[in-house]
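Now for the letters of each chain:
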Amino acid sequence: MRKQRIVVVGNGMVGHKFIETLLASGQENNEIITFSDESRLAYDRVQLTSYLTGKTAEDLALTTDTYYQENGVSFVLNEKVTVIDVENKQVITESGRTEPYDKLVLATGSFPFVPPIPGNNQEHCHVYRTLDDLDAIEASSKKSKKGVVIGGGLLGLEAANAVKNLGLETHVVEFAPRLMAVQLDDGGGALLRRKIEGLGVAVHTEKATTEIVTGEESRYRMNFADGSHLETDMIVFSAGIRPQDGLAKETNIQLGERGGIVINNQCQTSVDRIYAIGECALWQQQIFGLVAPGYQMAKVAANHILGEAVEFAGADMSTKLKLLGVDVASIGDVHGKTEGAQSYTYHDEIEQVYKRLIISKDGKKIVGAVLVGDADAYGTLLQIKQNDMPLPAQPSVLILPNVKDDESAGMGVEALPDTAVICSCFDVTKGDIKQAVSSGCTSMTMLKESTNASTGCGGCSALAKQVLDSELSQLGVEVNNHLCEHFSYSRQEMADIIRINKIKTFDEILESHGSGLGCITCKPTIGSILASFWNDYVLEDNLAELQDTNDIYLGNMQKDGTYSVVPRIAGGEITPDKLIVLGEVAKEFGLYTKITGGQRVDLFGAHVSELPIIWRKLIDAGFETGHAYGKSVRTVKSCVGSTWCRYGVNDSVGLAIKIENRYKGLRSPHKIKFAVSGCTRECAEAQSKDIGIIATDRGWNLYVCGNGGMRPRHGDLFVTNLDEATLVQYIDRLLMFYIRTADRLQRTSVWLENLEGGLEYLRSVIVDDSLNLGETLEAEMEHNIAQYQCEWKTTIEDPEKLKRFQHFINSKETDDGVEFVKQREQKFPKKGLPELEEGLRKHEKMIETNNV
């Protein structure tokens, strides 16, 4: 039987969703080909701004060549379809390529609206739509000091955020009297403006640009209809979108009066066998500019082609997002135009919070809502509206503060029906989450992987977490953030208790805030917290019992019971004399040697009794401990920088050495790695580190919260063009804030992903000092640095501590059960100790379970 041939014109988010839906159906009698006029396959436009803060095109990609090829999907890039030959059922491309179809799906999306302003097509005038657009904007920013975004809607403020992140003085010009005129009422728009201006972005409303001419102080001058003007070096147009309907128009497919391809409830156009989905489609005189409605259309069209009776019945246009760090949400009729509508308004000038709840004439239903500055109530209000649920006796409590313990404040997620849509991007219901939990899902990470909930726009993450926790609780799984059974506090709470009360010992914290004797979970955690704040010698009598095996012996235990010795080589720079010493020590003790990715030399195979002797030789040669055994700052990787490299623009090695010597020995919830690159060629791979620093011709760019490992993550661009003093100040604050607030064994990447408010909130705390913690965090770091000591040196100078480093209590003999074999001219462990391996496996399993 001949396969049904389906041609998809457009490979954006919605076009790809259509293809995914067809593939997921399991039917193999379809042949799919898709065309994209871009140079790459579908990527996440919702997260477009993150492309300028460190994420790559690969990070944003929704699919790959390999995925399509493995699933039999043909694709053509950089090729625009220009003709639909309806009579012969084929499409023709710009280059003359012809492809027949049985069904044709138009997913052509939209294009940015650029007002017809004289001078709008000059070199540094851009639109904000594709990754190529962002590349062009970034290139312009390097030659600019000031940037203007024309458009104060959702996309305009996203673009303004991007321009601000590029380090430019940023302005927003809006024709309407307020920002986000469609989504916000006057009160919400006014507060949003105030908060955005407080972040350093100038806002100009009721401005109609009449022309763009050459400026006097800047590259361009924008003249306004009211006689005023504004000078700028770069302009980004983000004044709305228009449906990409030109292909349909040329084919005489019915369009709306103001554009858009008219579709019915099955997403069919006026021409047989042709469908339209996404932002190019017009359903009942409405264009949907959000991704969730486009996804719904994609599913409807795919299911209709597969012979299933599914209808598109419109989509909720409610939205919750963070614009320039400000929480904004709108639901339903935000302007109260519904007949008889009444409203409750809460406005806190001090905390800068505005909330408005619009209810029906009879007071029983939610009509709409506006939330600015605090959008925590969004999930509850949206579910009440979408599921037509009755309001509490006093509806105002839904938006008033400090009512969390008031039962009249509304309903919990338990009251939601299973059909309630929690994630509209991927149509994930409460019932889907319940099913995932019953199948073993116990964390948000697992929930994202199994259902895709919260992986689209991210607006549902808080509500999805509430449903997850609720379902776990109902199954009898205790949901809390307690450190362990001995301490009913989270690691963050324990850190605050220890810091504020200046607690110095485990016994003291156990007596005042704990119970029992402690365990393998709480002891190392509290030991780490104590070291993070006070930086005392870890083998002091009151601290030694808290350490795990590696910290107790100041080296990493290997599979055969021997240890590795890792001296610090700051920045990877080492003299020939020191290299010779490392070779001599390795040769004398028969150690396996390896150069690591962190630009150090690791020496493996040392017996416990040999450790102090090896340390003494290394210390005498000028080495010190590299802290490879601790949850602490490990390495600062660097390239050779401007000293040697012809591309280098700054001394990356010099800065790496300063950074490593500053933070060496800093204890933290998890290991921390740095890297410093001397130019944007990035030879030190700084963007894959917890703290990454990259030189530019205007200073240092700071990236934060990246990591390698099982789940690699690019660091986010945090601040640009920093001088060295400011760079160090921000790193001081960030590391100490991480130490204060992270969970146990939590990498900086996971910490950021779970931090309320995300990157913008972190930037406000560290850069803008929004919590007035800056001086305190810096002082705590200075105290920690002042307390630094080489733990190897302290140990070998204390005869009592040296007693720990022998195989047997009453004998100087060593363990002769450890055997080695020779390979590649070096020794390797012949076998691991079975009981040790089993113990380590159990220990790792316990840690994994506790992390879940």
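Just so it is clear, the structure is predicted and the values come from calculations on it, not from any experiment.

Novice: Tell me what's going on with the overall build of the protein chain, and back it up with residues and numbers.
Specialist: Secondary structure summary: the protein chain contains 27 helices and 38 strands in total. Since a compact globule built from 852 residues should have a radius of gyration of about 29 Å, the 31 Å found for the protein chain is in line with a globular shape. A buried classification covers 53% of the 852 residues belonging to the protein chain. For the protein chain, restricting intrachain contacts to residue pairs at least 6 apart in sequence, the fraction spanning at least 24 positions comes to 63%. Charged side chains of the protein chain number 89 positive and 118 negative; the gap between the two group centres comes to 2 Å.

Novice: Hey, could you go over the packing of helix H13 (residues 491–500) against helix H15 (residues 522–534) for me, with residue numbers and the actual values?
Specialist: Contact geometry for H13 and H15: axes closest at 10 Å, N-to-C directions at 45 degrees. Considered as vectors, H13 and H15 are oriented oblique to each other. Here H13 and H15 pass one another in a crossing that is right-handed. For the pair H13 and H15, the contacting residues are Arg-491, Met-494, Ala-495, Ile-498 and Arg-499 in the first and Thr-525, Ile-526, Ile-529, Leu-530, Ser-532, Phe-533 and Trp-534 in the second.

Novice: Just give me the short version of helix H4 (residues 131–141), but keep the residues and values in it.
Specialist: Listing the buried residues of H4 in full gives Leu-131, Asp-133, Leu-134, Ile-137, Ser-140 and Ser-141. Those residues of H4 that are buried lie in contact with helix H2 (57–60), strand S9 (125–127) and strand S16 (234–237).

Novice: Account for the packing of aromatic side chains, with residues named and values stated.
Specialist: Across all of its chains, the model carries 15 aromatic pairs by this definition. With a centroid separation of 6.0 Å and 50 degrees between ring planes, the pair formed by Tyr-68 and Phe-75 is classed as tilted. Classification of Tyr-68 as buried rests on a relative accessible area of 0%. You can call Phe-75 partly exposed: its relative accessible area is 22%. Seen from their ring centres, Phe-487 and Phe-506 are 6.1 Å apart, and the 70 degrees between their planes marks the pair as edge-to-face. Separated by 19 residues along the polypeptide, Phe-487 in the loop between helix H12 (461–474) and H13 and Phe-506 in helix H14 (residues 506–513) bring together distant segments of the chain. Relative accessible area serves as the criterion here: at 0%, Phe-487 is assigned to the buried category. Grouped by ring-pair contacts, the aromatic residues Tyr-553, Tyr-563, Trp-615, Trp-792 and Phe-805 constitute a single cluster. A cation over a ring is seen here: Lys-578 above Phe-623, with NZ or CZ 5.2 Å from the ring centre. The ring of Tyr-647 carries Arg-681 above its face, with NZ or CZ at 3.6 Å from the centroid.

Novice: How would you explain the pairing of strand S34 (residues 691–696) if you had to name every residue and give the values?
Specialist: In terms of residue burial, S34 counts as a mostly covered element, since six of its six residues are buried. The alternating pattern of S34 places Ile-691, Ile-693 and Ala-695 on one face and Gly-692, Ile-694 and Thr-696 on the opposite face, and all of these are buried. Taken together, the six bridges between S34 and strand S35 (residues 699–704) define a ladder with antiparallel strand orientation. Within S35, the position partnered with Ile-691 by the bridge is Val-704.

Novice: Quick one: what's the story with the environment of Pro-395, residue by residue and with numbers?
Specialist: Relative to the assigned elements, Pro-395 resides in the loop between helix H9 (378–386) and strand S26 (421–423). For the pair Pro-395 and Ala-684, spaced 289 residues apart in the sequence, the C-alpha separation amounts to 56 Å. Residues in contact with Pro-395, not counting those within four places in the same chain, are Tyr-344, Leu-357 and Gly-363.

Novice: How would you sum up the sheet that holds strand S24 (residues 353–359)? Please name residues and give values.
Specialist: If you trace the five strands from one edge of the open sheet to the other, you get S21-S22-S25-S24-S23, paired in antiparallel fashion. Bordering the open sheet on either side are strand S21 (319–323) and strand S23 (342–348), each of which pairs with just one other strand. Direction aside, neighbouring strands of the sheet carry axes that sit 10 degrees apart on average. Across five bridges, the pairing between S21 and strand S22 (residues 326–332) is antiparallel. Pairing of Leu-323 across the sheet is with Val-326, part of S22.

Novice: Describe the sheet that holds strand S36 (residues 716–722), with residues and values.
Specialist: Across the sheet, which stays open at both edges, the five strands sit in the order S32-S33-S34-S35-S36 with mixed pairing between neighbours. Two strands lie at the open edges of the sheet, namely strand S32 (633–638) and S36, each paired on one side alone. Each neighbouring strand pair of the sheet contributes to a mean axis angle of 15 degrees, computed without reference to strand direction. Taken together, the four bridges between S32 and strand S33 (residues 672–677) define a ladder with parallel strand orientation. Opposite Val-636, over in S33, you have Phe-674 as the bridge partner.

Novice: Go over the layout of surface pockets, please, and point to the residues and values.
Specialist: For the second largest pocket, the calculated volume is near 640 Å³. Lining the second largest pocket are 26 residues, with Glu-138, Lys-142, Thr-680, Thr-696 and Asn-701 sitting closest to its centre. Mapped by element, the contributors of at least two residues to the lining of the second largest pocket are H4, S34, S35 and S36. Looking at side-chain class alone, the lining of the second largest pocket contains nine nonpolar, 10 polar and seven charged residues.

Novice: Kindly report on the side chain of His-126, identifying the contributing residues and their values.
Specialist: If you trace the backbone, His-126 turns up in strand S9. For His-126, a relative accessible area of 9% translates into the label buried. A distance of 2.7 Å separates polar atoms of two side chains, one belonging to His-126 and the other to Ser-140. In this view, His-126 contacts Ala-136, Ile-137, Ser-140, Met-234, Ile-235, Val-236 and Phe-237; residues no more than four positions away in its chain are not counted.

What counts, and at which threshold
- Residues numbered from 1 in each chain as written.
- Predicted model: local features only at pLDDT ≥ 70, side-chain atom pairs only at ≥ 80, totals over all residues.
- Heavy atoms only, no water.
- Helix = DSSP H or I, 4+ residues; strand = E, 2+ residues; numbered from the N terminus.
- Rg over C-alpha atoms; globule rule 2.2 N^0.38 Å.
- Buried < 20%, exposed > 50% of the residue type's maximum accessible area, 1.4 Å probe, protein only.
- Contact = heavy atoms within 4.5 Å.
- Lys, Arg positive; Asp, Glu negative; His and termini not counted.
- Charge placed at Lys NZ, Arg CZ, Asp CG, Glu CD.
- Axes fitted to C-alpha atoms, helices over the stretch in contact; angles between N-to-C directions.
- Parallel < 35°, antiparallel > 145°, perpendicular 65-115°, else oblique.
- Left-handed = near helix turned anticlockwise from the far one by under 90°.
- Phe/Tyr/Trp six-rings, centres within 6.5 Å; stacked < 30°, edge-to-face > 60°.
- Lys NZ or Arg CZ within 6 Å of the ring centre and 35° of its normal.
- Pairing = 2+ DSSP bridges.
- 1 Å grid on protein atoms, 1.4 Å probe; cavity = no way out; pocket = protein on both sides within 12 Å on 5 of 7 lines; lining within 4 Å.
- Points joined across faces, edges and corners; volume = space filled by probe spheres on them.
- Nonpolar A, V, L, I, M, F, W, Y, C, P; charged D, E, K, R; others polar.
- Polar contact = N/O pair within 3.5 Å; in protein donor to acceptor, adjacent residues only side chain to side chain.

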